[in-house]
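# Summary of the model geometry
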Amino acid sequence: MTTKKMTIKYWNSLERSSRERALYHVFPINKCIVDMLLDEEPNPQQSPFWGLVWKKVRIPSNESYYKTVINKTTFIP
């Protein structure tokens, strides 16, 4: 599956549950970080946490029902 870079507009369009699942894949044992990021505006240039999310989470470029892809191996609806 081909992917595209994540954008703030696309991230904000996702349902909260999809964003939460994606964040848990990036930070699997850090519930505090996930909770913090869910409640703040993404800023990948200034925040190392958001930079990591933007590095790992991608947008599927085909018309699949998946909303995000993590490291080209995990597909999140």
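Residues take numbers from 1 onward in each chain, read along the sequence in its written order. With the structure being a predicted model, the display of local features is reserved for residues of pLDDT at least 70 and the display and counting of side-chain atom pairs for 80 or more, all residues being used for whole-chain, interface and lining totals. Just so you know, side-chain values use all the structure's heavy atoms and leave hydrogens and water out.

This brings us to the pairing of strand β2 (residues 57-60). The side chains of a regular strand alternate between the sheet's two faces. The criterion for strand pairing is that DSSP finds at least two bridges linking the strands in question. Numbering of helices and strands starts at the N terminus; helices are DSSP runs of H or I of at least 4 residues and strands are runs of E of at least 2. Relative to β2, strand β1 (residues 3-5) runs antiparallel, the two being bridged by three bridges. Of the residues in β2, the one forming a bridge with K4 is I59. Bridge analysis of β2 against strand β3 (residues 68-70) gives two bridges, and the strand direction is antiparallel. Within the sheet, the bridge partner assigned to V57 lies in β3 and is I70.

To continue, consider the pattern of salt bridges. Only one rule defines a salt bridge in this text: a Lys or Arg side-chain nitrogen within 4 Å of an Asp or Glu carboxyl oxygen. If you walk through the whole model with that rule in mind, you get two salt bridges. A salt bridge links K31 to D35, with the shortest nitrogen-to-oxygen separation between them at 2.8 Å. Of the two residues, K31 and D35 both sit in helix α3 (residues 31-38), four residues apart, roughly one turn of that helix.

What follows deals with the sheet that holds β3. Each strand in a sheet pairs with another by means of backbone hydrogen bonds, the pair being arranged parallel or else antiparallel. Ordered in space as β1-β2-β3-β4, the four strands form an open sheet in which the pairing is antiparallel. Of all strands in the sheet, those with a lone pairing partner are β1 and β4 (74-76), marking the two edges. Neighbouring strand axes in the sheet, compared pairwise and without regard to direction, differ in orientation by 40 degrees on average. By definition, residues are in contact when any of their heavy atoms lie within 4.5 Å. All axes here are fitted lines through C-alpha atoms, helices being fitted over the stretch that makes contact, and every angle between N-to-C directions spans 0 to 180 degrees. Across the sheet, helix α4 (residues 48-56) touches β2 and β3, and the angle it forms with β2 is around 40 degrees.

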